[in-house]
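For reference, the chains in residue letters:
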Amino acid sequence: MKSLLSLLLLAVAASAQEAVNDTAQFLAGLPVRGTALEAFSRDDAWTTHATEFDAAWRALEARQLSKIRAWAPEHLGAAFTAREPLFYMFSGPDILYAQTFFPNASTYVLCGLEPVGAVPDITKIPRGSLPASLAALRKSLNSVLSFSFFITKDMKADLTHTQLAGTLPVLLVFLARGGCTIQSVEPAGFEKRGVWTASGTKIVFVGPVGGEQTLYYFSVDLSNGGFKSNPGFLEFCDQLGHGACLLKAASY
């Protein structure tokens, strides 16, 4: 009986893993043939979504990402190949550039004010709502794909009132387009005055460099006042040990 239960639990876990990876592929405009989302990928809205994302990624690769990949190994030295954590403050959901500059990091810690949201269940989104939701997702990524940074107020407006709310859909798109396979997605948090606060997400994935890597995104206020009221985030980072830090300033 125990063996049967163990097998059933493993099957459920494998199914959940496949489902979230399929969702990431679908949102990124990548093929989902042979999955539960294949029928949805036949809709004109998804075909348009995939075509526009393909074009945007080709331009992004030629204009920016290929240049970073050529520059980083020489100029980042040992930090480029290090397996140490990468801390990317004020990042929002920008795993795209974190992974391009530091593809070998064992752990990525990203944070911003944007809420986490949830992994969307595509099968439960009304077909009539899906075109607008996919269009809003593309629109929220326009600035980072064109200029390498998010315009926070635009992303908030684009993703707040759709079926694809929060940063998780964006993170899944970037990971899928970066050639990653999603292993799991679960809530992540830290203690706030002795109380466990789930204010983030933990994504385990296998990237192009091979081996499991972990991405944390926290919705957290990094202002002086925010640190005083919620020191748990810094304590969490301390526990991960020494690592590299990435900062990117688009405005002052």
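Preceding this paragraph is the structure being described.
As a starting point, this report considers the structure included with it. Only a predicted model underlies this, so the values are computations on that prediction, with no experimental measurement involved.

The relative placement of two aromatic rings is captured by the distance of their centres and the angle of their planes. This model, assessed by the stated rule, comprises 9 aromatic pairs. Relative to phenylalanine 236, the ring of tyrosine 216 lies with its centre 4.9 Å away and its plane at 75°, an arrangement referred to as edge-to-face. With a gap of 20 residues between them, tyrosine 216 in strand β5 (residues 212-219) and phenylalanine 236 in helix α10 (residues 232-240) connect regions that are remote in the sequence. You can call phenylalanine 236 buried: its relative accessible area is 13%. Through a chain of ring-to-ring contacts, three or more aromatic side chains come together here, namely Tyr216, Phe218, Phe233 and Phe236. One Lys or Arg, arginine 127, reaches over the ring of phenylalanine 40 and ends 4.1 Å from the middle of that ring.

Let us look at the layout of surface pockets. Considering only enclosed or pocket space, the second largest pocket measures out at about 230 Å³ in volume. Forming the boundary of the second largest pocket are 13 residues, of which Arg69, Gln99, Thr100, Pro103 and Gly178 lie nearest the centre. Going through the elements one at a time, α2 (44-76) and α4 (95-101) are the ones with two or more residues in the lining of the second largest pocket. Looking at which element gives the most residues to the lining of the second largest pocket, the answer is α2, with 4 residues. Tallied by class, the residues present in the lining of the second largest pocket amount to 7 nonpolar, 3 polar and 3 charged.

Another aspect to go through is the packing of α2 against helix α8 (residues 168-177). The relative placement of two packed helices comes down to the angle between their axes together with the axis-to-axis distance. In the contact formed by α2 and α8, the axes pass within 13 Å of each other and the chain directions differ by 65°. With respect to the hand of their crossing, α2 and α8 are arranged in right-handed fashion. Packed against α2, whose contacting residues are Ala50, Phe53, Asp54 and Trp57, the element α8 presents Val173, Phe174 and Arg177 at the interface. Classifying every residue of the contact of α2 with α8 gives 5 nonpolar, no polar and 2 charged.

Scoring rules and cut-offs
- Residues numbered from 1 in each chain as written.
- Predicted model: local features only at pLDDT ≥ 70, side-chain atom pairs only at ≥ 80, totals over all residues.
- Heavy atoms only, no water.
- Phe/Tyr/Trp six-rings, centres within 6.5 Å; stacked < 30°, edge-to-face > 60°.
- Helix = DSSP H or I, 4+ residues; strand = E, 2+ residues; numbered from the N terminus.
- Buried < 20%, exposed > 50% of the residue type's maximum accessible area, 1.4 Å probe, protein only.
- Lys NZ or Arg CZ within 6 Å of the ring centre and 35° of its normal.
- 1 Å grid on protein atoms, 1.4 Å probe; cavity = no way out; pocket = protein on both sides within 12 Å on 5 of 7 lines; lining within 4 Å.
- Points joined across faces, edges and corners; volume = space filled by probe spheres on them.
- Nonpolar A, V, L, I, M, F, W, Y, C, P; charged D, E, K, R; others polar.
- Axes fitted to C-alpha atoms, helices over the stretch in contact; angles between N-to-C directions.
- Left-handed = near helix turned anticlockwise from the far one by under 90°.
- Contact = heavy atoms within 4.5 Å.

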